Amino acid sequence: MPATTDGGRLTFRQDYFADPAAFAALVALLSDTFGIDVSLQDRFGGPDPTSMPFAYFDENGTCVANLSAFSMPMRVDARLVKAAGFQSGAVRPQWRGRGLYRELMRRALNWCDAQGFELGLLLTDKPAIYQPYGFKVLPQHQVSGPAPVAAKPVGASRPVFLDNAGDLALVKRLLRERTPVSSIFAVAAQVEMFLLNGCFDPGIRLSYLDQPESVVAWKSGEADCFRLLDVVGKTIPPLPFILAALDQRPRRVEVCLPPDRLDWQGMPEPFPSHTSLMVRGDAADRLRQPVMLSPMAEF
């Protein structure tokens, strides 16, 4: 039986995504709190099957507090690490200050530790909340510099649209087959965050390259700048090949991930953001150089 709290007014539930009403209640909580619509996941086949939600519901079925953990294997310092991301953390205003989020965090961390996750990651604009739980801020650095000379074009490219069934199937396949875009710090396997971020930000452009087969997530920045967000494929094309395939000739490039597999070097610089990347676990202690989590993997 579900546990109750606060005089029986709230019911704790875990692993409830199979209940459409409960999931709809979470969608409403995140929409009311953050103004985001995670029901977009229905277009991609539903919620992440690795996600484990922890939540409190009131007697009307309203989700008043939630925190979810999900699997996000990472390549960290050339090693595959079993990592978990934490997302969808929210408490309705009238229920704050009662210790609900603290209890959900305790349950989520205990579950992750029992599952053997070596690394925990989250993004937040309130890092002080998570420091008592062993999280620490990992500064993020993009890598910037003059654009390389574009290579001779090989193969063809075309735009990719996630509202096209064929394109969606293509991107999902490549995400499942991908080689991590960096051996230093990069997602090794995760589908849903890439797709959601591709929908949430209309400025993100997705392009398919047929040689080597890959999908590039990028933006055209200000002042003749090309911003690379992610590359998905079994083989990572070098940056000069990417620019040639996309017919881009910028003066400046900003790469939002470690560029060790891009055949290009730039200078790390702090990434401007209103949120902080926080990590928990020994795996993060091995990092000895500037890193950044691809914006396509943000959660």
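Before reading further, recall that the structure is shown in the block above.
Residues numbered from 1 in each chain as written. Predicted model: local features only at pLDDT ≥ 70, side-chain atom pairs only at ≥ 80, totals over all residues. Heavy atoms only, no water.

## Quick word on empty space enclosed by the protein
Let me state the cut-off plainly: Lining residues are those with an atom within 4 Å of a point, where the points come from a 1 Å grid over the protein atoms alone and group into cavities, where a 1.4 Å probe fits but cannot get out, or pockets, open sets with protein on both sides within 12 Å along at least five of seven lines. Grid points are joined across faces, edges and corners, and a volume is the space filled by probe spheres set on the points. Strands are runs of DSSP state E lasting at least two residues, helices are runs of H or I lasting at least four, and both sets are numbered from the N terminus onward.
Tallied over the full model, the rule gives three cavities of 30 Å³ or more. A volume near 80 Å³ is recorded for the largest cavity. As for the largest cavity, its lining consists of Arg 178, Val 181, Phe 185, Ala 186, Val 187, Asp 230, Leu 257, Pro 258, Met 292, Leu 293, Ser 294 and Ala 297. Top contributing element to the lining of the largest cavity by residue count: strand S12 (residues 185–187), with three residues.

## Details of the sheet that holds strand S15 (residues 225–232)
Our working definition: Any two strands between which DSSP finds at least two bridges are classified as paired. Note on definitions: angles span 0 to 180 degrees between N-to-C directions of axes, and those axes are lines fitted to C-alpha atoms, for helices only across the stretch in contact. Whether two residues are in contact is decided by their heavy atoms: any pair within 4.5 Å suffices.
Taken in spatial order, the seven strands line up as S11-S13-S14-S15-S16-S10-S17 in an open sheet, and their pairing is mixed. What marks the edges here is a single partner per strand, and that holds for strand S11 (157–159) and strand S17 (267–270). Strand-to-strand, the axes of this sheet are offset by a mean angle of 30°, without reference to chain direction. Alignment of strand S10 (residues 141–146) against S17, held across four bridges, turns out to be antiparallel. From the neighbouring strand, Gln 142 faces S17, where its bridge partner is Glu 269. Helix-sheet contacts for helix H3 (residues 165–177) involve S11, strand S13 (205–210), strand S14 (213–221) and S15, and the interaxial angle to S14 is about 105°.

## Some words on the state of the cysteines
Put plainly, two cysteines are in a disulfide when a covalent bond ties their sulfur atoms together. Note the following rule: Disulfides are defined in this document as cysteine sulfur pairs within 2.5 Å. The rule is simple: take the accessible area with a 1.4 Å probe, protein chains only, and divide by the maximum for that residue type; under 20% is buried, over 50% is exposed, in between is partly exposed.
For the coordinates displayed, the defined rule picks out zero disulfides. The cysteine Cys 199 is free of any disulfide, with Cys 256 supplying the nearest cysteine sulfur at 19 Å. Take Cys 199: its relative accessible area is 24%, and that puts it in the partly exposed class.

## What about the environment of Ala 245?
Mapped onto the secondary structure, Ala 245 falls in helix H5 (residues 239–245). Judged by relative accessible area, Ala 245 falls into the buried class, the value being 19%. Considering only alpha carbons, one finds Ala 245 and Leu 209, 36 residues apart in sequence, at a separation of 7.1 Å. Those residues in contact with Ala 245, other than ones at most four positions away along the chain, are Ser 157 and Leu 209.

## Quick look at the packing of aromatic side chains
Here is the rule we go by: Only the six-membered ring of Trp is used, alongside the rings of Phe and Tyr, when aromatic pairs are assigned; centres must lie within 6.5 Å, and planes under 30 degrees apart are stacked while those over 60 apart are edge-to-face, with the rest tilted. Charges are assigned to positions over rings by a cutoff of 6 Å between ring centre and Lys NZ or Arg CZ, combined with an angular limit of 35 degrees from the ring normal.
By the definition in use, this model includes 11 aromatic pairs. The interplanar angle of 80° and the centroid separation of 6.2 Å between the aromatic rings of Tyr 130 and Phe 135 together place this pair among those described as edge-to-face. Considered together, Tyr 130 and Phe 135 belong to a single accessibility category, that of buried residues. Geometry around Phe 57 places Arg 13 over its ring, the cationic atom sitting 5.6 Å from the centre. The ring of Phe 117 has Lys 82 lying over it, and the distance from NZ or CZ to the ring centre is 5.1 Å.

## Examining helix H4 (residues 192–200)
Because an α-helix completes one turn every 3.6 residues, residues spaced three or four positions apart along the sequence face the same direction. In terms of burial, H4 is a largely internal element, seven of the nine residues being buried. Looking only at H4, the buried set comprises Glu 192, Met 193, Phe 194, Leu 195, Leu 196, Asn 197 and Gly 198. The inward-facing, buried residues of H4 contact strand S4 (63–71), strand S7 (83–91), H3, S13, S14 and S15.

## Some words on the sheet that holds S12
The strand order S6-S5-S12 describes an open sheet built from three strands, whose pairing is antiparallel. Each of the sheet's edge strands pairs with one partner strand only, and the pair in question is strand S6 (79–81) and S12. In this sheet, neighbouring strand axes are inclined to one another by 25° on average, regardless of whether the strands run parallel or antiparallel. Where strand S5 (residues 74–76) lies against S6, three bridges are found, and the strand directions are antiparallel. The partner of Met 74 across the bridge, within S6, is Val 81.

Any functional reading would require information beyond the geometric quantities listed.
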